Amino acid sequence: MRIVFMGTPEFAVPSLKLLVEQSYEVVAVVSQPDRPKGRKKTLTPPPVKEAALSLGLPVLQPERMRSREAVEQLAQYKPDLIVTAAYGQILPKAVLDMPQYGCINVHGSLLPKYRGGAPIQRSIINGESETGVTIMYMAEGLDTGDMISKVSVPITDGDTSGTIFDKLSKAGAQLLSETLPSIADGSVQAVPQNDEEATYAPNLTREDERIDWNNPARAIFNQVRGLSPMAGAFTYLNGEVFKIWTCSARDGQTGKAAGTIIAIDGAGLHVQTGAGVLVVNEVQPAGKKVMSAAQWLQGARIETGAAFQQGAEQ
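Here the residue index of a chain counts from 1 through its sequence in written order. Two thresholds apply to this predicted model, a pLDDT of at least 70 for residue-level local features and 80 or more for giving and counting side-chain atom pairs, whereas whole-chain, interface and lining totals are computed over all residues. Think of the side-chain values as coming from all heavy atoms in the structure, minus any hydrogens and water.

Undergrad: Whenever I open this one, helix 1 (residues 13-21) confuses me. Can you help?
TA: For the α-helix, the turn length of 3.6 residues means that residues three or four positions removed from each other point alike. Whether a residue is buried, partly exposed or exposed follows from its accessible area with a 1.4 Å probe, protein chains only, as a fraction of its type maximum: under 20%, in between, or over 50%, in that order. Secondary structure is summarised from DSSP: a helix means a run of H or I of at least four residues, a strand means a run of E of at least two, and numbering begins at the N terminus for each. Buried within helix 1 are the following residues: Val 13, Ser 15, Leu 16, Leu 18 and Leu 19. Any pair of residues with heavy atoms lying within 4.5 Å of one another is described as a contacting pair. Residues of helix 1 that are buried in the fold lie against strand 1 (2-7), strand 2 (25-30), helix 2 (47-54), strand 7 (103-107) and helix 6 (161-185). Immediately beyond the C-terminal end of helix 1, within one or two residues, lies Ser 23, with a positive phi of roughly 65°.

Take a look at the structure:
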């Protein structure tokens, strides 16, 4: 069975490596183009490309998979099955119809919940206690295809998007290993999704990263975890962006306005929210590296009663 693998971030690497380790015939790998990264905007290959090259596999990086040139190039590899994992582009019908055994996707949620591009981050931000991986047949809609197999993974208070990405990438690779034999021998039994139960996980925006101190402490705690270690949740202090990387939530009302620092101690900054108190443990002031709140407080002129702003000062 000739397999073309499509993926881009680190999440997809374990699935690609599993295919090779288990001696599946991976004839090509498709990934997103190299992108500028970091302050110096250095052109950087995606993790899947790096993994594919280390495995000696040919790599295709079309800017648009929907282009005629990209489809024709892919067709030259005569895939029997296409496996995708966080590829990052919607596949056209010409590609979906190309392989004999169809196109399957390793999706980081328990479908039909969290269809879309940011299921892991959204599940944590929304306070879910469970997520997982669904392997599904790909269809023309957004993550609407029939489901083949699932595995659940708990979300604990100690988890961030980073830890869940790691857990789901490994769980997805294992589930792929368990699922492929039934696809190859024709015994697979896929189940349609119930569209009435569908929820969506659109890609994150800058507004999703901004902390609204009127929200409950627990909601801000989930927001911070869901954005770590990628973009990070931010607020404003003295008109400058101020990121919060780790924190905890506790009960408590003081009558102070939301965003007010009500206490400073060895644990960090205690900030009043719309409901409860957020204890800020790890921060990143504008233009500086990530540090503990205690480290930052050694040089910062911040006192109890100071407040984080909802927006930058004009």
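Undergrad: How should I be thinking about the packing of aromatic side chains in this particular structure?
TA: The geometry of an aromatic ring pair comes down to the distance between the two centres and the angle between the two planes. Here a pair means two rings of Phe, Tyr or Trp (six-membered ring of Trp) with centres within 6.5 Å. Their orientation is stacked below 30 degrees between planes, edge-to-face above 60, and tilted elsewhere. Counted according to the given criterion, the structure contains 5 aromatic pairs. Pairing Phe 11 with Phe 165 gives two aromatic rings, centres 6.2 Å apart and planes at 90°, and the pair type is edge-to-face. Pair noted here: Phe 11 is in the loop between strand 1 and helix 1 and Phe 165 is in helix 6, with a separation of 154 residues, a long-range link. By relative accessible area, Phe 11 is classed as buried at 6%. For the pair Phe 242 and Phe 308, a centre-to-centre distance of 5.4 Å together with 40° between the ring planes defines the contact as tilted. Of this pair, Phe 242 sits in strand 11 (residues 240-250) while Phe 308 sits in the segment after helix 9 (293-299); the two residues are 66 residues apart in sequence, bridging distant segments of the chain. We classify Phe 242 as buried; its relative accessible area is 3%. Classification of Phe 308 by relative accessible area gives buried; the value is 4%.

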